[in-house]
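Single-letter residue listing:
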Amino acid sequence: MNMLCGIDEAGRGPLAGPLVVAGVVILNKIDELDDSKKLSEKKREELYPKIIKNTKYHIVFKSAKEIDEKGISSCLKSSIQEIMENLEATQYLMDGNTSFGIANLEHKIKADATIKEVSAASILAKVSRDRYMYEIADNFKEYNFDKHKGYGTKAHVEKIKLHGRSIEHRKSFKLKALGEENIGVQKSLF
């Protein structure tokens with residue numbers, strides 16, 4: 001029997017908070033699955049327990065510190081490998097345009113909108129990450145993580161200008177608004 005494991009991530013681009021990667025093998029039919037970005041927060045929260053109940057799944061968190069130390073691509077790759085080690089399937093499909101050099105991993109652009117297993121993974125990753133950002137918001141009131149969830153909104157950048165970065169911020173993500181775009185960037189030798 002063909003068992004597809006869909007894989008997707010949330011939090012590749014934010015300035016703060018973790019990268020969250022989820023893998024899902026669907027066991028029972030789940031209605032209304034779609035790309036998490038196309039669903040309201042309320043709908044994602046409604047679908048989350050249904051996905052948990054009707055699938056085999058694995059969710060991996062990589063902290064801002066890990067992202068700074070290892071790089072976003074390395075964190076994505078190791079998260080995908082952990083999912084593949086923990087979820088048995090005959091096929092593994094990642095949303096996006098790369099397989100990160102991982103054998104037996106297929107990729108497809110917009111898979112989160114067209115393949116139900118990847119849609120489910122996209123919802124688990126997004127909801128898990130959003131919940132984490134809500135949980136830490138009280139400890140970092142000055143940044144309003146509950147409003148922008150760590151993404152680089154104008155309001156968030158203004159808070160970084162005012163307060164600097166917290167331990168939840170990715171220090172390796174440079175901001176033009178802070179004049180950092182050339183820090184640590186090596187000029188080409190050619």
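None of the values given here were measured: they were computed from a predicted structure.

*Asks:* Can you walk me through the pairing of strand β4 (residues 91-95) in this structure?
*Replies:* The side chains of a regular strand alternate between both faces of the sheet. A large share of β4 lies buried, amounting to four of its five residues. Sheet topology note: the strand β1 (residues 4-10)/β4 ladder contains four bridges and is parallel. What sits directly across from I7, in β4, is M94. Bridge count between β4 and strand β5 (residues 105-108): four bridges; the pairing is parallel. Of the residues in β5, the one forming a bridge with M94 is H107.

*Asks:* What's the story with the nonpolar core in this structure? I'm lost.
*Replies:* In globular proteins that are soluble, nonpolar side chains generally tend to be buried together. Of all hydrophobic cores here, the largest spans 25 residues; its most connected members are C5, I7, I80 and L105. Contributing elements (two or more residues each) for this core: β1, β2 (19-26), α3 (72-86), β4 and α7 (154-163). A total of five residues in this core trace back to one element, the largest contributor, which is α3. Once you skip the residues sitting within four places of it in the chain, L105 turns out to touch I7, I80, M84, Y92, L93, M94 and S99. Core analysis: the second largest hydrophobic core is formed by 17 residues, I26, I30, I51 and I123 among them.

*Asks:* When you look at the packing of aromatic side chains in this model, what are you seeing that I'm missing?
*Replies:* All told, the structure shown has three aromatic pairs when counted by the stated rule. Judged by centre distance (5.9 Å) and plane angle (50°), the ring pair of F140 and F145 falls under tilted. The exposure class of F140 is buried, given its relative accessible area of 14%. Looking at F145, the relative accessible area reads 0%, which means it is buried. Judged by centre distance (5.5 Å) and plane angle (10°), the rings of Y143 and F145 are stacked.

Procedures and definitions
Residues numbered from 1 in each chain as written. Predicted model: local features only at pLDDT ≥ 70, side-chain atom pairs only at ≥ 80, totals over all residues. Heavy atoms only, no water. Buried < 20%, exposed > 50% of the residue type's maximum accessible area, 1.4 Å probe, protein only. Helix = DSSP H or I, 4+ residues; strand = E, 2+ residues; numbered from the N terminus. Pairing = 2+ DSSP bridges. Core = buried A, V, L, I, M, F, W, Y, C linked by side-chain atoms within 4.5 Å. Contact = heavy atoms within 4.5 Å. Phe/Tyr/Trp six-rings, centres within 6.5 Å; stacked < 30°, edge-to-face > 60°.

Geometric values such as these leave the question of function open.
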